[in-house]
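Coordinate analysis (summary)
One letter stands for each residue in the lines below.
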Amino acid sequence: MNDECKKNLHLHMNFSCQLTTNTACRGTRGNDRQFGVLRTCLERCNCETMQAIPSSRDPLMNNANWLQRSLASVWHPCTQMKRHEQLPLLPIARGEGAWLYDFDGKRYLDAVSSWWVNLFGHANPRINAALKQQLDRLEHVMLAGFTHQPVVELSERLAALTGLGHVFYGSDGASATEIALKMSFHYWRNCGQAQKTGFVSLSNGYHGETLGALGVTDVALFRDVYAPLLRPGLQLPCPDTRLAAPGESAHAFALRCAAAAEQQLAQVHATTAALIVEPLVQGAAGMAMYHPVYLQRLRELCDRYRIHLIADEIAVGFGRTGTLFACEQAGIRPDLLCLSKGITGGYLPLSAVLSRDEIYAAFYDDEVTRGFLHSHSYTGNALACRAALAVLDIFADEDVLGRNRQRAAQLTALLQPLAGHSRVRNFRNTGMIWAFEVADAPHDFASRAFHQALDRGVLLRPIGNTVYFMPPYVIDAEQMQLLADCALAIVNAPA
């Protein structure tokens, strides 16, 4: 720490004590100015001292306060709330780049991109600027009967990037799945084939947790309790390379699974509307990865049997698998493409479903009921579309995919000690996704690993005994080393 930092830190400590013990002085203009000047001075020091400085002078702005208030008022997603009696929530005050900061000043490397949504880091300057500019123009207008510049420009660019046609917007991944399923069913109805009402998906697949999406999801934890509410569907064998026979290549196993899929589709195609698949990587299945030839075979089968192919690229789209869209690696084009998560860089909720022109044409009619009448209040929100346009600008201007290939090679090299560890199984990598299983893991391994990682300043979210990394595309060499060291320490920890 340099002399200027020491001086500023001393001033900060004295000032903080005054604020804490003299509540009457908080909020006065003089103290506001003093605090602002102090913090600006500390920021200019550009050293690790800033990590210990709270973002507010309010003594209530700490982890304990926000944890207590959250438990008293917020019902958190994908959570058994009673567990937080022993496993505290982590309140986050702000983010910057690949880092998240709590209210006590500790920082954490966001190695899972905040549930796979953040692409270019928190508080990204380009996305921030685009949103601030849009705020002064238009925040939202209903899209039924109206349109606006951001939604038109985004639709044009997505269509050009995918080779598909019109874009229908939702607000999250599950909404996109629902839209695609309804669109497929309604298409066949409009075409005089009302018997095509069924849907086919892959075993261990995940497509969301609304009722329609759960109907094509095969993750027992999310699905089973709601089974009485769901329409039964058909699951095809999963081409997850972890399930291949000893000595069987990923390519050969994918072809074997495709052959089994052909036999099943031959029996149900007359009543099947669509087949939905997560291309290349099944996220909730523990980052199950498979060979692109499987997608090629599915495309051929769907063409042969007149079944729509829905590509759920909600998690894998926008560069996550190494190409802008995962389907590109198989050289195929789906009939319906679902996008979300990274589409806005992790800023705002938005999803999109792109369709082939012939699907759109089947709804274009004088009869109102032949139209696709699905809607959301915030469909095509102007702010969210502007954030998505900024994301596409970054891809276009900054050679993101090329730089990601370099990052992927660098992190994979750093992870080699982990890959060869005696407790590690199935170490694998696709694009900017890494995963492995830990052998002989205890039943509470995921929770243990989560907290062990936090203690080392890393945010991980294991799935069972699977540890995975999906970092933002701004992760640097030092952060990669931290991640590799953290993962190795978790594997070395006593069971």
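These numbers come from a predicted model, not from an experiment.

1. Section: helix α16 (residues 445-455)
Considered for burial, the residues of α16 that qualify are Phe445, Ala449, Ala453 and Leu454. One side of α16 carries all its buried residues, which in axial view fall inside an arc of 165°. Looking at the buried side of α16, the elements it contacts are β3 (107-110), β14 (433-438), β15 (458-459), β16 (466-469) and α17 (477-492). Backbone geometry just after α16 places Gly457 at a positive phi near 80°.

2. Points about a nonpolar patch on the surface
A cluster of nonpolar side chains, contributed by Leu211, Val225, Tyr226 and Leu229, occupies part of the molecular surface with about 420 Å² of accessible area. Its place among the elements puts Tyr226 in the loop between α9 (220-223) and β6 (234-236). Judged by its relative accessible area of 42%, Tyr226 falls in the partly exposed class.

3. Observations concerning α17
Owing to its 3.6 residues per turn, the α-helix brings residues three or four apart onto one side. In a regular helix each residue adds 1.5 Å, so 16 residues correspond to 22 Å; α17 covers 23 Å between its end C-alpha atoms and thus fits that length. Restricting attention to buried positions, one finds in α17 the residues Gln479, Met480, Leu483, Ala484, Cys486, Ala487, Ala489, Ile490 and Val491. Backbone nitrogen of Glu478 and a side-chain oxygen of the N-cap are separated by 3.2 Å at the start of α17; the cap is Asp476.

4. Overview of unusual backbone geometry
You will see that Ser113, though not glycine, has its phi angle at about 50°, which is positive. Looking at the element boundaries, Ser113 is found in helix α4 (residues 113-116). Exposure remark for Ser113: the relative accessible area of 0% places this residue in the buried category. A positive phi angle is found at Arg306, which is not glycine, with a value near 55°. Looking at the element boundaries, Arg306 is found in the loop between α11 (293-305) and β10 (308-312). Residue classification places Arg306 among the partly exposed positions, given a relative accessible area of 47%.

5. A few points about the nonpolar core
Formed by 105 residues in total, the largest nonpolar core has its most connected members in Leu158, Leu275, Tyr294, Phe318 and Phe469. For this core, the element with the most residues is helix α13 (residues 382-397), which contributes eleven residues. Here Leu275 is in contact with Val200, Leu236, Leu265, Leu298, Cys302, Ile307, His308, Leu309 and Ile310, once residues within four sequence places are set aside. With 22 residues, the next largest nonpolar core counts Tyr187, Phe199, Ile314 and Phe363 among its residues.

6. Points about the confidence of the model for the protein
Of all residues in the protein, 88% attain a pLDDT of 70 or more, and the chain-wide mean is 91. For residues 4-56, every residue scores under 50 in pLDDT, and the model assigns this stretch 56 contacts once sequence neighbours within four places are set aside.

7. Observations regarding the environment of Asp110
Along the chain, Asp110 turns up in strand β3. The buried category is assigned to Asp110, whose relative accessible area is 0%. Sequence-wise, Asp110 and Phe469 are 359 residues apart; in three dimensions their C-alpha atoms are separated by 9.4 Å. With residues near it in sequence (within four places) discarded, Asp110 still touches Ala98, Leu100, His122, Leu459, Pro471 and Pro472. Among the polar contacts listed, one links the side chain of Asp110 to the side chain of His122, at a separation of 2.8 Å.

8. Side note on the packing of helix α10 (residues 250-268) against α11
Geometrically, a packed helix pair is captured by the angle between its two axes and the distance between the axes. Packing of α10 against α11 leaves a shortest axis separation of 9 Å and a crossing angle of 20°. When the axes of α10 and α11 are compared, the pair comes out roughly parallel. Judged by the twist between their axes, the crossing of α10 over α11 is right-handed. Contacts between α10 and α11 involve His251, Ala254, Leu255, Cys257, Ala258, Ala261, Glu262, Leu265 and Ala266 on the former and, on the latter, Val293, Tyr294, Arg297, Leu298, Leu301, Arg304 and Tyr305.

9. Considerations on the pairing of strand β7 (residues 272-277)
Each regular strand carries side chains that alternate between the two faces of the sheet. Within β7, six of the six residues are buried, which leaves the element mostly enclosed by the surrounding structure. As paired elements, strand β5 (residues 198-202) and β7 share three bridges and run parallel to each other. Paired with Gly198 across the two strands is Thr272, which belongs to β7. Bridge analysis of β7 against β10 gives four bridges, and the strand direction is parallel. Note on β10: the bridge partner recorded for Ile276 is Ile310.

Analysis parameters
- Residues numbered from 1 in each chain as written.
- Predicted model: local features only at pLDDT ≥ 70, side-chain atom pairs only at ≥ 80, totals over all residues.
- Heavy atoms only, no water.
- Buried < 20%, exposed > 50% of the residue type's maximum accessible area, 1.4 Å probe, protein only.
- Helix = DSSP H or I, 4+ residues; strand = E, 2+ residues; numbered from the N terminus.
- Arc of directions from axis to C-beta.
- Contact = heavy atoms within 4.5 Å.
- Patch = residues over 30% accessible without salt bridge, like charges linked within 9 Å, V, L, I, M, F, W, Y side chains within 5 Å.
- Areas by Shrake-Rupley, 256 points an atom, 1.4 Å probe, with all protein chains shown as cover.
- Salt bridge = Lys/Arg side-chain N within 4 Å of Asp/Glu carboxyl O.
- Expected span 1.5 Å × (residues − 1).
- Polar contact = N/O pair within 3.5 Å; in protein donor to acceptor, adjacent residues only side chain to side chain.
- Core = buried A, V, L, I, M, F, W, Y, C linked by side-chain atoms within 4.5 Å.
- pLDDT = per-residue confidence, 0-100.
- Axes fitted to C-alpha atoms, helices over the stretch in contact; angles between N-to-C directions.
- Parallel < 35°, antiparallel > 145°, perpendicular 65-115°, else oblique.
- Left-handed = near helix turned anticlockwise from the far one by under 90°.
- Pairing = 2+ DSSP bridges.

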